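Fold and geometry: a report
What follows is the residue order along each chain.
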Amino acid sequence: MARPSVVVVGGGISGLAAAWELSGAARGPNDETPRVELIEASDRLGGALATTTFAGRTIDLGADGFLARRPEATALVTELGWSDRLEAIAVSGSSIWLRGSLYELPAGLVLGVPTSAAVVRSVKGLSWRARLAARRDELFPAAFSVGDDASIGEILRTKLGPELTYQLIEPMVGGIQAGRIDELSAKSVFPALLDAARRGGSLMRALATPAGGDSATPAPTAANSPMFYSLTSGIGSLAEELGRQLVARGVVLRTGVEVTALRRTPSGSYPWEVDTANTTTPADRLVLATPAHVTSHLLGHRDPALAALDSVKSAGAAMVTFSVARSEITLPEHGTGVLVPLGTVWSGDGSMLVTAITFLDRKWPRLVREDDVVLRAHVGRSDDVRWASLSDEELTNRVASELAALLPRFGAASESLVHRWQPGLPQYYVGHDRMVVAAKLAATSIRVALAGNAYDGVGVPASIGSGRRAARETLNSLKP
Ligand SMILES: Cc1cc2nc3c(=O)[nH]c(=O)nc-3n(C[C@H](O)[C@H](O)[C@H](O)COP(=O)(O)OP(=O)(O)OC[C@H]3O[C@@H](n4cnc5c(N)ncnc54)[C@H](O)[C@@H]3O)c2cc1C
């Protein structure tokens, strides 16, 4: 009997992880392994994972680290035989720009949310109002009745007031998602916060003593265990290596080929046909590891729950990386970078574009050089695309001026690089979980599995987990 055929659409890390699982994972293929074909629209694998050479180093242009406490990425790296390439983050902590100065963020924050009034007191740049709001949360917590879901912003504003919400917490939570906490779902993005709000009483106390572990809350880690890992060859190399090993085990990889339509063939020997401009591939099962709007476009006509995926908005971002001679720059003494609250005014035009700065060579020892430092500025949010109308030169100059205001000293850069990410960071709005459950159910009923950062978390580990889960569901559905 012919082997069943599975087509994976999308060659980001989710689709690659799905193909890895479908082709036998660590064990490799056997007689029951389906024929696997992965089709990727762009001319390279990896999606939001990409490396380049900059100032004599290999740097990541997209994700540059992944959470160590989640097992999916480290497990995959180990299965590929690359565990000796795992690179632990070298330092922790960061600073925040408040009222014209930099302040080190203290320990005792859970995704940016303080866990006591004492923690708030230790951030000197906050006003007495913020300190009072924190004390009030401990002594006379605001009443807040939480339904099935609420926005992160609504919970924080009600319980901790506007200053802590938008100046201290938003830069961290909103920054990770490149979105707005007033729109982001607590249930999908920060379930520990929803749980803490549901418990009533002090939000900070409840967060300090979580009722149960969850995926968005940093669990206490063992004394010397790192919070984040990268790879000594850059995280983008994970996609390249997966591609190499997938080909070696017989997976068909097609890049530079866009899937244009998915057609049911009820009378044919295969239930699906996958169309590209020049080809049609028959398939028993599909794994769709494409952005939500593409999945909606390809399958929306089959079910309203799949069409609804079109409403998942995505944020784009620009990354501006600089190499600066050590003699030309002074960084804050400690930490991996700087957070900048939204709407921060400065001496230049409008509010600042920069939302965060990452000191790349402080984080990753492989990037340290004697003569220069490399740092990257993050620009853009779901509702701030001012960067898109600036040329590379204009954007570089603007960001450099902002860095000169934000950092103790930022002189002339010896090299710079602008990388623009088109919208690809999905925003999980209130009610996202219900949309995802309905879409997955609708997909399963037509022998399709959904994978990708639109469903179960935007981080690299979550994306890998979603790809592998979709593949396991697919393999199970092929069993007689
Ligand atoms: C700038 C940036 C920084 C980030 N930093 C971090 C970080 O530090 N840590 C972390 O954990 N996460 C980070 N993330 C998030 C994480 O990298 C992504 O969420 C994850 O890589 C998404 O993988 P994916 O495969 O689900 O989606 P994608 O990488 O978006 O892949 C989807 C793929 O589908 C392809 N495709 C689309 N349409 C079609 C079609 N019709 N036919 C065929 N193929 C198609 C696309 O070309 C793309 O390659 C970051 C993301 C960005 C953008």
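Here, residues in each chain are numbered from 1, in the same order as that chain's written sequence. Local features in this predicted model are restricted to residues whose pLDDT is 70 or higher, and side-chain atom pairs enter the listing and the counts only when it is 80 or higher, whereas totals over whole chains, interfaces and linings include all residues.

Notes on the overall build of the chain
- Elements are defined by DSSP. Helices are runs of H or I of four residues or more, strands are runs of E of two residues or more, and each kind is numbered from the N terminus. Looking only at helices and strands, the chain has 15 helices and 24 strands in total.
- Taking 2.2 N^0.38 as the reference for a compact globule, 480 residues should give roughly 23 Å; the C-alpha atoms of the chain span a radius of gyration of 23 Å, in line with that estimate.
- For the exposure call, what matters is how many other C-beta atoms sit within 10 Å of a residue's own: 20 or more marks it buried, 12 or fewer exposed, and in between partly exposed, using C-beta atoms placed from the backbone. Every one of the 480 residues in the chain was classed for burial, and the buried ones make up 49%.
- Pairs at least 24 apart in sequence give 72% of the contacts found in the chain among residues at least 6 apart. Here the globule rule is a power law, 2.2 Å times the number of residues to the power 0.38, and the radius of gyration is based on C-alpha atoms. The contact rule is simple: place each C-beta atom from the backbone, and if two of them lie within 7 Å, those residues are in contact.

Quick look at the site of the ligand
- Here, nearness means that the C-beta atom of a residue, built from backbone geometry, sits within 6 Å of the molecule or strand in question. Residues in close proximity to the ligand total 36 residues, the closest being Gly-10, Gly-12, Gly-47, Ala-63 and Gly-459.
- Taken together, the elements giving at least two residues each to the shell around the ligand come down to α1 (13-22), β17 (314-325), β23 (413-426) and α15 (460-478).
- Charged means Asp, Glu, Lys or Arg here, nonpolar means Ala, Val, Leu, Ile, Met, Phe, Trp, Tyr, Cys or Pro, and polar covers whatever is left, Gly included. Looking at side-chain class alone, the shell around the ligand contains 18 nonpolar, 15 polar and 3 charged residues.

Concerning the sheet that holds strand β15 (residues 280-283)
- Two strands qualify as a pair provided that DSSP identifies no fewer than 2 bridges between them. With antiparallel pairing, 3 strands are arranged side by side in an open sheet as β13-β14-β15. A strand with exactly one partner marks an edge of an open sheet, and here the two such strands are β13 (261-264) and β15. For this sheet, the mean inter-axis angle between neighbouring strands, taken without regard to orientation, is 25°. In this analysis, axes come from line fits to C-alpha atoms, helices being fitted only over the stretch in contact, and the angle between any two N-to-C directions falls in the range 0 to 180 degrees.

Re the sheet that holds strand β5 (residues 66-67)
- Pairing within the open sheet is antiparallel, and its 3 strands lie in the order β5-β11-β6. Every other strand in the sheet has two partners, leaving β5 and β6 (86-88) as the edge strands with one partner each.
- Sheet topology note: the β5/strand β11 (residues 228-231) ladder contains 2 bridges and is antiparallel. In the strand pairing of β11, Phe-66 is matched with Tyr-229.

Some remarks on helix α13 (residues 392-406)
- The first and last C-alpha atoms of α13 sit 21 Å apart over 15 residues, in line with the 21 Å expected at 1.5 Å per residue.
- By the burial criterion, the buried members of α13 are Leu-395, Arg-398, Val-399, Glu-402, Leu-403 and Leu-406. Looking straight down α13, one finds that the buried residues subtend no more than 140° of arc, so they occupy a single side. Away from the buried face of α13 by more than 90 degrees, exposed residues Glu-393 and Glu-394 are located. Multiplying one less than the number of residues by 1.5 Å gives the expected span of a helix. Along the arc lie the directions from the helix axis toward the C-beta atoms.

Points about the nonpolar core
- Think of a nonpolar core as buried Ala, Val, Leu, Ile, Met, Phe, Trp, Tyr and Cys residues, each tied to the set through C-beta atoms within 7 Å. Core analysis: the biggest nonpolar cluster contains 147 residues, and Val-8, Ala-18, Ala-19, Ile-152, Leu-193 and Val-287 have the highest contact counts within it.
- Setting aside its immediate chain neighbours within four residues, Ala-19 contacts Val-8, Val-36, Leu-38, Leu-246 and Val-251.

A closer look at the domain arrangement of the chain
- Source of the domain bounds: an automatic or database domain assignment. You can read the domains of the chain as domain 1 (5-47 + 238-312 + 428-478), domain 2 (107-208) and domain 3 (314-426).
- Relative to domain 2, the C-alpha centre of domain 1 lies at a distance of 37 Å.
- Tallying the contact residues gives 7 residues for domain 1 and 10 residues for domain 2.

Description of the environment of Ala-2
- Of note, Ala-2 is situated in the segment before β1 (5-9).
- When the C-alpha positions of Ala-2 and Pro-34 are compared, they lie 9.1 Å apart, and in sequence the two are 32 residues distant.

Topic: unusual backbone geometry
- Positive phi, close to 45°, is recorded for Arg-99, a residue that is not glycine.
- With respect to the secondary-structure elements, Arg-99 resides in the loop between β7 (95-98) and β8 (101-104).
- Positive phi, close to 50°, is recorded for Leu-111, a residue that is not glycine.
- As for its position among the elements, Leu-111 is in the loop between β9 (109-110) and β10 (113-114).

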